[in-house]
Amino acid sequence: MVLLHVLFEHAVGYALLALKEVEEISLLQPQVEESVLNLGKFHNIVRLVAFCPFASSQVALENANAVSEGVVHEDLRLLLETHLPSKKKKVLLGVGDPKIGAAIQEELGYNCQTGGVIAEILRGVRLHFHNLVKGLTDLSACKAQLGLGHSYSRAKVKFNVNRVDNMIIQSISLLDQLDKDINTFSMRVREWYGYHFPELVKIINDNATYCRLAQFIGNRRELNEDKLEKLEELTMDGAKAKAILDASRSSMGMDISAIDLINIESFSSRVVSLSEYRQSLHTYLRSKMSQVAPSLSALIGEAVGARLIAHAGSLTNLAKYPASTVQILGAEKALFRALKTRGNTPKYGLIFHSTFIGRAAAKNKGRISRYLANKCSIASRIDCFSEVPTSVFGEKLREQVEERLSFYETGEIPRKNLDVMKEAMVQAEEAAAEITRKLEKQEKKRLKKEKKRLAALALASSENSSSTPEECEETSEKPKKKKKQKPQEVPQENGMEDPPISFSKPKKKKSFSKEELMSSDLEETAGSTSIPKRKRSTPEEETVNDPEEAGHRSGSKKKRKFSKEEPVSSGPEEAAGKSTSKKKKKFHKASQED
C-alpha cells in the first residue's frame, strides 16, 4: 500500500505530515472539504511526522529562494531522507509547487503529486498549522510570515539607491516650475526697469542677461566708457555693449529715485540667483538621468526622457507601456476629445519636444513619431531591467532614428534592427565589463580605507588598554602604603604599646615650650632648694597631683620594653619623656612654694 505524505513549507520551517488511510474519492466530497475547517476532524485525517525549524531569518530566506527557483535545499533534503521510509516506491509525496516536486523526484527519487487531494490537505494544514506544531502560536507564525515576506520581496526587487526615479520626477517638476517663475519675474523686471531705460528691452532678449544688466547698470546716467568692458562680459557681444552705451546717452526713459533703483536691483538679484539655481538643477537632472535611464536620455534627451518618466509615474510603468501609449503620452485631452468628436487622433504627445520630429517634414511627422515611440519603449525597458545600465543601446537606437530620417528624405535604406542590436550587444558587454572593473576598484579602495580605519581604532584601543594597567598599578600601590602603617595600629587593638602616642609626644613638647621657659626662670630663683624637695615627694602625691606624669612614666617603661624590638624609634622618645617629666615636677613644686 502506498503511503501518502505531504510537504508543507512555512516561514518558520518545513513540516512533513502523513495522511491516514482515507480513500481519495471520499476526500473530494463536499462534507469532507468542510471537515478540513474543523480542527478535531482534521486531526483524524492528518498527523504531524516531523518538523524542521529554520535556524535564522537568513536561513529561511535561503530556503524560500530555493523553493521558488525549484532547487532542493540541504535542509529539505535532510528532512526527507531522515523521516520518509527507505522504500521509495511505496512513498507518495504531496507538494504544493510542481517545480519543487519535479526537483525532489529527480534528485531524491520520491514520487510527487500536486493538486486535487493535496491542495485540500494543504489548505487545512495552512489553517491549523499553529495547532499542529507545539510551542508555535498564531501571532508568532504571522510575524515570521511578515518578516520573511519583506526580506523575500526586497531580495527579488534588488533595490538600488542610485537608480531611484523619484528624484527625477521631482527634479523635472521643479525645473518646469522654475521656468515659469523665472519668466514671470523677468517680465516684471522688464516692466519695472523699462520706465527708466526702455531701449534695453529691444537690445537684450534673454531674461537672465537682462536682469544682470539691470543690476549692473542701475542709473543709466552713470553708464560711461569705463563700464564698457564689463558690459561686453555680461552680454558676450561687443556690438550689443556699444549699442547699450549709445542708447543710455539718448534714452527716452524717466528719471528714477535711488530707493526705487535699490528695489529693482534687489529683485533683479533674486531673479539672477533663481536662474543660476535652475542651471545647477539641470546639471543634477542630467547626472541622475545618466544613472537611472542612460539609454532613454541618449536617445531622446534628458529633459524629454524625464518628462516621460514623470508622466508615467515611474520608469517601471513607462517600461510596461506599449509604443502606441508612449507616442501619445501627454496628449490625453486631445485624444479623448478626438474620440468624442470622431475627429483625427493626435500623432504625438511629449515626444514632440525631441529634435527628430521638428526636423522631419510635415508629411513624415506622424511616421517618425511612431518610429521614435517604438525606440523609446525599447530603451525604457532596457534601462528598467538591465543590471548594469549603459548608454550603448540608446546611442545605437538614436543612430537608427537618424537613418530612418535620412530614408524619408533621400530614400537610403537603413540597416536592419537585428544587425544593429548584435553590434550593441557586443559593445554593451564591453561597457558592462569596464563598469564592473571600475566598481571593483572602488570597492577595493573602500575596503582598504576601512581596514586602515579599523587598524587605527585597534591601535588606539590597545594604547588605552596598555595605559589602564599602569593606572591600576598606581592605584594598587596606594593601599599597599596604607597596609605598611597598619602593623603599627595592630598593637593598639591588642592592648600593646601604641606608637601613635610616642609619635604625638614631640607635639606635646611644642605645647610645653612656654612651661619650659617658666620652669627655667623658677630654677634660677629657687636655686638648689628645689632639688631635695623633689626627692622627698612621695609617689602618692605624684599620682594625685600630677596624673599625667604617671602616664608618661608608664609610657616610658612600656617604651623600654618596646625599644628592645625597635631600638631606633624608642630611644629618642624615652629621653624626651624623661626631660618633660622632670621639668613638670620642677614647675609643680615652684608653684607650691609661691
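Residues numbered from 1 in each chain as written. Predicted model: local features only at pLDDT ≥ 70, side-chain atom pairs only at ≥ 80, totals over all residues. Heavy atoms only, no water.

Enquirer: Honestly, the overall build of the protein chain in this entry has me stumped. Any pointers?
Expert: Counting secondary structure elements, the protein chain contains 29 helices and five strands. Long-range pairs, those at least 24 residues apart, make up 67% of the contacts in the protein chain between residues at least 6 apart in sequence. For the protein chain, the computed accessible surface area is about 36,700 Å², with 55% contributed by carbon and sulfur atoms. (Helix = DSSP H or I, 4+ residues; strand = E, 2+ residues; numbered from the N terminus. Contact = heavy atoms within 4.5 Å. Areas by Shrake-Rupley, 256 points an atom, 1.4 Å probe, with all protein chains shown as cover.)

Enquirer: Help me understand the UniProt feature "coiled-coil region" (unreviewed entry) in the protein chain, please; the structure alone is not making it clear to me.
Expert: As annotated in UniProt, the feature "coiled-coil region" (unreviewed entry) corresponds to residues 418-457 in the numbering used here. Along residues 418-457 one finds 100% helix and 0% strand; the C-alpha atoms at either end are 57 Å apart. (UniProt positions renumbered as here; feature names shortened; annotations may be inferred.)

Enquirer: Please explain a positive patch on the surface as it appears in this structure.
Expert: Taken together, the side chains of Lys 438, Lys 441, Lys 444, Lys 445, Lys 448, Lys 449, Lys 451 and Lys 452 present a region of like positive charge at the surface. With respect to the element layout, Lys 451 can be found in helix H23 (residues 417-494). (Patch = residues over 30% accessible without salt bridge, like charges linked within 9 Å, V, L, I, M, F, W, Y side chains within 5 Å. Salt bridge = Lys/Arg side-chain N within 4 Å of Asp/Glu carboxyl O. Lys, Arg positive; Asp, Glu negative; His and termini not counted. Charge placed at Lys NZ, Arg CZ, Asp CG, Glu CD.)

Enquirer: Help me understand the packing of aromatic side chains, please; the structure alone is not making it clear to me.
Expert: Centre-to-centre distance and the angle between the planes together describe a pair of aromatic rings. Counted according to the given criterion, the structure contains eight aromatic pairs. Judged by centre distance (5.8 Å) and plane angle (70 degrees), the rings of Phe 185 and Phe 267 are edge-to-face. Of this pair, Phe 185 sits in helix H9 (residues 166-194) while Phe 267 sits in helix H14 (residues 258-292), and the two are 82 residues apart along the sequence. For Phe 185, a relative accessible area of 31% puts it in the partly exposed group. Ring geometry for Tyr 193 and Phe 197: centres 6.4 Å apart, planes at 65 degrees, overall edge-to-face. Taking the relative accessible area as the measure of exposure, Tyr 193 reaches 0% and is therefore buried. An aromatic cluster is present here, built from Phe 8, Phe 51 and Phe 129 joined pairwise through their rings. (Phe/Tyr/Trp six-rings, centres within 6.5 Å; stacked < 30°, edge-to-face > 60°. Buried < 20%, exposed > 50% of the residue type's maximum accessible area, 1.4 Å probe, protein only.)

Enquirer: So what exactly am I meant to see when it comes to the environment of Asn 38 here?
Expert: Inspection of the secondary structure assignment puts Asn 38 in the loop between helix H2 (30-35) and helix H3 (39-43). By relative accessible area, Asn 38 is classed as partly exposed at 37%. Taking the C-alpha atoms as reference points, Asn 38 and Gly 124, separated by 86 residues in sequence, lie 8.7 Å from one another.

Enquirer: Any chance you could explain helix H16 (residues 302-312) here in plain terms?
Expert: Two residues of an α-helix separated by three or four positions point the same way, owing to the 3.6 residues in each turn. Of the residues making up H16, those classed as buried are Val 304, Gly 305, Ala 306, Leu 308, Ile 309 and Ala 312. Once H16 ends, the next one or two residues include Gly 313, with phi positive near 105 degrees.

Enquirer: Would you explain the side chain of Ser 380 in this entry?
Expert: Mapped onto the elements, Ser 380 comes out in helix H21 (residues 365-385). When neighbours within four sequence positions are excluded, Ser 380 is seen to be in contact with Leu 315, Leu 318 and Ala 319.

Enquirer: Help me out: how do you make sense of unusual backbone geometry in this one?
Expert: Excluding glycine, residues mostly have negative phi values, and the peptide bonds linking residues are mostly trans. For Met 236, which is not glycine, the phi dihedral falls at a positive 55 degrees. Following the sequence through the fold, Met 236 ends up in the loop between helix H12 (228-235) and helix H13 (238-249). The residue Arg 342 is not glycine, and still its phi comes out positive at about 60 degrees. With respect to the helices and strands, Arg 342 occurs in the loop between helix H19 (332-341) and helix H20 (355-359).

Enquirer: What am I meant to see in the confidence of the model for the protein chain here?
Expert: For residues with low pLDDT, the predicted coordinates do not support detailed interpretation. When pLDDT is averaged across the protein chain, the result is 78; 75% of the residues are at 70 or more. The low-confidence segment residues 474-517 (pLDDT under 50) makes 20 contacts with residues lying over four places distant or belonging to another chain. Below pLDDT 50 for its whole length, residues 522-576 participates in 44 contacts with residues either more than four positions away or in separate chains. (pLDDT = per-residue confidence, 0-100.)

Enquirer: So what exactly am I meant to see when it comes to the packing of H9 against H16 here?
Expert: Helix packing geometry: the angle between the two helix axes and the distance between the axes. Following both chains from N to C, one finds H9 and H16 inclined at 115 degrees, their axes separated by 9 Å at the closest point. Regarding the angle of H9 to H16, the classification is roughly perpendicular. The crossing of H9 and H16 is left-handed. Across the interface between the two elements, Ile 168, Ile 169, Ile 172 and Asp 176 of H9 pack against Ala 303, Ala 306, Arg 307, Ile 309 and Ala 310 of H16. Each residue belonging to the contact of H9 with H16 can be placed in one class, and the counts come to seven nonpolar, no polar and two charged. (Axes fitted to C-alpha atoms, helices over the stretch in contact; angles between N-to-C directions. Parallel < 35°, antiparallel > 145°, perpendicular 65-115°, else oblique. Left-handed = near helix turned anticlockwise from the far one by under 90°. Nonpolar A, V, L, I, M, F, W, Y, C, P; charged D, E, K, R; others polar.)

Enquirer: When you look at the packing of H14 against H16 in this model, what are you seeing that I'm missing?
Expert: At a minimum axis distance of 10 Å, the contact between H14 and H16 shows a crossing angle of 70 degrees. In terms of orientation, H14 and H16 fall into the roughly perpendicular class. Here the hand of the crossing between H14 and H16 comes out left-handed. Within the contact between the two elements, H14 uses Leu 285, Arg 286 and Met 289 and H16 uses Glu 302, Gly 305, Ala 306 and Ile 309.

Enquirer: How should the nonpolar core be read in this particular structure?
Expert: For soluble globular proteins, nonpolar side chains are generally found buried alongside one another. Of all hydrophobic cores here, the largest spans 45 residues; its most connected members are Leu 296, Leu 299, Ile 300, Ile 309, Leu 318 and Leu 372. At seven residues, the largest contribution of residues to this core is made by H21. The two domains that each donate at least three residues to this core are domain 2 (164-279) and domain 3 (292-432). Ignoring any residue separated from it by four or fewer positions in sequence, one finds Leu 372 in contact with Leu 299, Ile 300, Ile 351, Ser 354, Phe 356, Ile 357 and Val 401. Judged by nonpolar contacts, the second largest core, of 24 residues, contains Phe 197, Leu 200, Leu 213 and Ile 244. (Core = buried A, V, L, I, M, F, W, Y, C linked by side-chain atoms within 4.5 Å. Domains from an automatic or database assignment.)

Enquirer: What is the right way to look at the pairing of strand E1 (residues 3-9) in this model?
Expert: Along any regular strand the residues' side chains alternate between the sheet's two faces. Of all seven residues in E1, five are buried, a share of seventy percent or more. Examined bridge by bridge, E1 and strand E4 (residues 91-94) share four bridges and lie parallel to one another. Within the sheet, the bridge partner assigned to Val 6 lies in E4 and is Gly 94. Both E1 and strand E2 (residues 13-19) contribute to a ladder of five bridges, which runs antiparallel. From the neighbouring strand, Val 6 faces E2, where its bridge partner is Leu 17. (Pairing = 2+ DSSP bridges.)

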